[in-house]
Each structure stands twice: as structure tokens, then as C-alpha cells.
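The lines below spell out each chain.
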Amino acid sequence: MKTTIFVAGLVSLALASQAELTRINLKKADLTPAEKMAAYSETGSYMAQKYFGSPVRKMKTDEAQQIFGLDAEGKPSYGVPLSNYMNAQYYGDVNVGTPPQTFSVVFDTGSSNFWVPSTHCNSIACFLHRRFDSEKSSTFRPNGTEFAIQYGSGSLEGIISTDNLEVGGVVIKNQDFGESVKEPGLAFAFGKFDGIFGLGYDTISVLGVVPPFYNLINQKLIDEPVFGFYLANAGGSTGGQMTLGGVDSNHYDGDLQWHNVRRKGYWEIDLNKIVLGDEEVDLQAGAVIDTGSSLIVLQTDLAEMINNQLGAKKNYAGQWTLDCAVVPNLPEFSFFFGKTKYTLQGSDYVLNAGGSCISGFMGMDFPPALGDLWIVGDVFLRKYYSVYDLGKNRVGFAKSK
């Protein structure tokens, strides 16, 4: 009898644990070859704006110095919530308000705010996407705090509002979020998604708004302060999956290898060495793991060295292109995060845009204040399942399956 009760208890615990794991299916944007080429060509400007091109945010002063950039006055400067809007390719649906209004969003570890277009917005970009209508939600509460983010094409402006946010069937009560009321230029208009669901640290949140994942924890809606990403390769039946509150071992082989976060802003870990073929370079660098980026972004001079070694040629748009026929013969490329080696084949780090092959290594001129920094996006994350542990401030990887 006691044994039966014990076994029943274990089954009950297992079912309860399973119920706490929230799964969100991801879709992969169906881009034409021309759209892919255009998106990749704009990566540099997106990344620059995202990581160090925005105005100073209002941050927690005791934590601000842990984050990346400094402006001309020596004050911390941070990224923006939608700077990687077009370049990101994986997205999923969330619901806002009561009754629910559905939006497609990029789940982005490189930013920390939740942001969607508003019915108060009259920009062309807003009319081409779903817009949040606060008058149709019975749970909406006005906040009205304004914000403006400067882009090369103008100012993106919005207001902070409060409403319920449902993700993967779990409802976050009273989530503060951004409603855009002005989106500049055409860059936002052609994005495949409505908005961004930021998953970075609260230290980089615009105006100090509490990020959705923190509220999932604070409202005890998930079992563990952990989320995971599986990004599928092209041609599959699904774009991938995000889990909240745990990991899905069905999507990786072996054990997760863990790496401590070095600066609590983005999910940045130590990068100690890279290897290309038979050549290796020791580093004392940081690697930002960014689900909202398609490429691997690094210092310009090092990117040029790698691309020259691959035999890539720079085209009129500044992209490094290769003959697709040589991809199977390209050397392996490996990251060493700590002492753990993660290897990519040529087919992993070269992107095929309808018969045009583009190197996944893109150069960017980082400000000296950032130190040696790499931004590691989907080129890597399609090969390796990734886990983000906010409770222990660490990132884990295992080979995807």
C-alpha cells in the first residue's frame, strides 16, 4: 500500500513538473532570396544600433557599469528593443489584453522589453502590421510614460502601457510594455513580425520596465527561472521551439555544458579561443548569445581575416560571398567557451540565399569601451540547443537534434 502511494506520488510530481514547462512553437520567416540578401546586408547597422547606438536608458545605477557601452559623456549606453527587427528570422505568437489580441514577436535574448505597434500609430510600418487596440481590452491600464529612440532614419516613439500578456498558454498579469506610435522609414515596414519579446537582463530594459520573463518568475508562473531555444534548420516542419520554466531534452543530445555570464546585461559568456582549420587564436573576449541575430558579428579586422581565409569576396553591398560549390570543402570553425569546444561546419556558417552563398561572419567596428566582443546568433544556435538560467546566471549548450 505504501509503495503504491509512493509511486502514485512520483507520477503526480512528474505530471506537475511537465505541466510547469511551457512550450512555444517558433516559425521561421519565409523570406525570398532578395529579402534574405537585403536583411543580411543591413545586419551591421542593426547590430550597431542594438548594442551601442541608442540614447542612454534609465537604468539601475548600481548595475549600470556591468553593461557594455559608454557614451561621449562616459555614461552607459545601451541597445534598443527593435533594432534587429528585419534580420531576425524566428518568431512566435503571443496574446495581449482581454479578449486576446494576437501578435507575432521575435523572442530576443539581445533585448529586454516587450514591444508591439499601437492603433495610435499612423506610420506606414504600423499599418502593415497588427496593432494593439487598448479600447478593446477590458484589462488594459494606461501608463502613458513616453519614450523615443533615435535611428538613422528618424525617431521611433512610443508609450508604456499595462495589460495581461499570454505566452504559451500562461498569462502574465499587469505586464508593462511598449506601444509604438511612430516608426521611422521603411525598415520596420518590411519586417515579418509585429514586435519583440525581450529576454535579456532587466539592467538593459528601456525605462527600467520589468521584462516579461521576470514577471513569469515573480508571479510564480514557471517552475524554474530557465528558458531554452531550439532553432530548426530550413526545410523542417517547424521553425523551432522555445521553452519557459525548463528545457526540452527531446531537442538535444548528451549533457548541457554550462558557462557563467560575465556581465549581467546581455547573455554574455567568456570566449577563450577560436579555431579555423589548423589555425587557432587565443582570446580574452566576450560572446553575446543573441537569438535575435542571424549572423556571427565580430571586430572588422578579424572578420576580414577569417573571410579571406575562406576565400570569400566582398560584394557591392559589403557582404562576404562565396561560390556555393566550395561550401562542402570549407574548414571547420570552432568556438572555445571556457575549455569546451563547439564546432561548426561550412554548411553551418555559410548562408544560402537562393543560390547565393554568404559568409556568416560579419565585421563591425565596436567602440573600444566594449573590449573584444563577439555576437553569436542563429548561425551557431541552429547547431546547438541553448539554455538561459537566470537563477544561476549561466548559459548552457548541447548539440541539437
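Residues numbered from 1 in each chain as written. Predicted model: local features only at pLDDT ≥ 70, side-chain atom pairs only at ≥ 80, totals over all residues. Heavy atoms only, no water.

### Quick word on the confidence of the model for the protein
Step number 1: Averaged over every residue, the pLDDT of the protein is 81; residues scoring 70 or more account for 75%.
Step number 2: Predicted confidence for residues 54-87 stays below pLDDT 50, and this span has 113 contacts to residues more than four positions away or in other chains. (pLDDT = per-residue confidence, 0-100. Contact = heavy atoms within 4.5 Å.)

### Focus on the environment of Leu295
Step number 1: If you trace the backbone, Leu295 turns up in the loop between β15 (279-289) and β16 (296-299).
Step number 2: Since its relative accessible area comes to 2%, Leu295 is described here as buried.
Step number 3: The spacing of Leu295 and Tyr349 is 54 residues in sequence and 8.3 Å in space, taken between C-alpha atoms. (Helix = DSSP H or I, 4+ residues; strand = E, 2+ residues; numbered from the N terminus. Buried < 20%, exposed > 50% of the residue type's maximum accessible area, 1.4 Å probe, protein only.)

### Side note on the state of the cysteines
In protein structure, a disulfide is the covalent linkage between the sulfur atoms of two cysteines.
Step number 1: In this structure the tally under the stated criterion is two disulfides.
Step number 2: With a sulfur-sulfur separation of 2.1 Å, Cys121 is cross-linked through a disulfide to Cys126. Because the torsion about its S-S bond is 80 degrees, the bridge between Cys121 and Cys126 counts as right-handed.
Step number 3: Take Cys121: its relative accessible area is 0%, and that puts it in the buried class.
Step number 4: For Cys126, a relative accessible area of 0% gives the class buried. (Disulfide = S-S within 2.5 Å.)

### Some thoughts on helix α7 (residues 300-310)
Step number 1: Burial in α7 covers these residues: Leu302, Ala303, Ile306, Asn307 and Leu310. Projected down its long axis, α7 shows its buried positions confined to an angular sector of 130 degrees, all on one face. Across α7 from its buried face, at more than 90 degrees, point the exposed residues Asp301 and Met305. (Arc of directions from axis to C-beta.)

### Details of the sheet that holds strand β21 (residues 350-353)
Step number 1: Taken together, the four strands give an open sheet; going across it, the order is β17-β18-β22-β21, and neighbouring strands pair in antiparallel fashion. The sheet is open, and its two edges are formed by β17 (313-314) and β21, each paired on a single side. (Pairing = 2+ DSSP bridges.)

### Digging into the pairing of β15
As a general feature of sheets, a regular strand has side chains that alternate between the two faces.
Step number 1: Two elements, strand β14 (residues 267-276) and β15, share eight bridges in a ladder whose sense is antiparallel. For Val275, the partnering residue across the bridge sits in β15 and is Glu280.
Step number 2: Between β14 and the antiparallel strand that follows it, β15, lie two residues; Gly277 among them carries a positive phi value of about 65 degrees.

### Considerations on the nonpolar core
Step number 1: Formed by 80 residues in total, the largest nonpolar core has its most connected members in Phe107 and Trp374.
Step number 2: Counting residues in hydrophobic clusters, the runner-up holds eight residues, among them Ala232, Tyr252, Leu256 and Val387. (Core = buried A, V, L, I, M, F, W, Y, C linked by side-chain atoms within 4.5 Å.)

### Considerations on the packing of aromatic side chains
Step number 1: Applying the stated criterion across every chain, the model contains 29 aromatic pairs.
Step number 2: Centroid distance Tyr91 to Phe193: 4.7 Å. Interplanar angle 55 degrees. Geometry classified as tilted. Of this pair, Tyr91 sits in strand β4 (residues 90-96) while Phe193 sits in the loop between β9 (170-182) and β10 (195-198), and the two are 102 residues apart along the sequence.
Step number 3: Take Tyr91: its relative accessible area is 15%, and that puts it in the buried class.
Step number 4: With a centroid separation of 4.9 Å and 75 degrees between ring planes, the pair formed by Phe213 and Phe227 is classed as edge-to-face. Of this pair, Phe213 sits in helix α6 (residues 212-218) while Phe227 sits in strand β11 (residues 226-231), and the two are 14 residues apart along the sequence.
Step number 5: For Phe213, a relative accessible area of 3% corresponds to the buried category.
Step number 6: On the accessibility criterion, Phe227 (0% relative accessible area) is buried.
Step number 7: One aromatic cluster in this structure is built from Phe333, Phe335, Phe337, Tyr342, Tyr349, Phe361, Trp374, Phe380, Tyr384 and Phe397.
Step number 8: The ring of Phe336 is capped by Lys273, whose NZ or CZ atom sits 4.4 Å from the centre of that ring.
Step number 9: We note Arg394 situated over the ring of Trp258; from NZ or CZ to the ring centre the distance is 3.7 Å. (Phe/Tyr/Trp six-rings, centres within 6.5 Å; stacked < 30°, edge-to-face > 60°. Lys NZ or Arg CZ within 6 Å of the ring centre and 35° of its normal.)

### Here we look at the side chain of Ser293
Step number 1: With respect to the helices and strands, Ser293 occurs in the loop between β15 and β16.
Step number 2: Residue class for Ser293 comes out buried when judged on its relative accessible area of 0%.
Step number 3: Separated by 3.4 Å, the side chain of Ser293 and the backbone nitrogen of Leu295 make a polar contact. (Polar contact = N/O pair within 3.5 Å; in protein donor to acceptor, adjacent residues only side chain to side chain.)

### Overview of the side chain of Asp133
Step number 1: Note that Asp133 resides in the loop between α5 (124-127) and β7 (141-151).
Step number 2: Look at Asp133: it is buried, it has no salt bridge, and the nearest opposite charge is Lys136 at 4.1 Å.
Step number 3: Discounting residues that sit within four places of it in the chain, Asp133 has contacts with Gln101 and Thr119. (Lys, Arg positive; Asp, Glu negative; His and termini not counted. Salt bridge = Lys/Arg side-chain N within 4 Å of Asp/Glu carboxyl O.)

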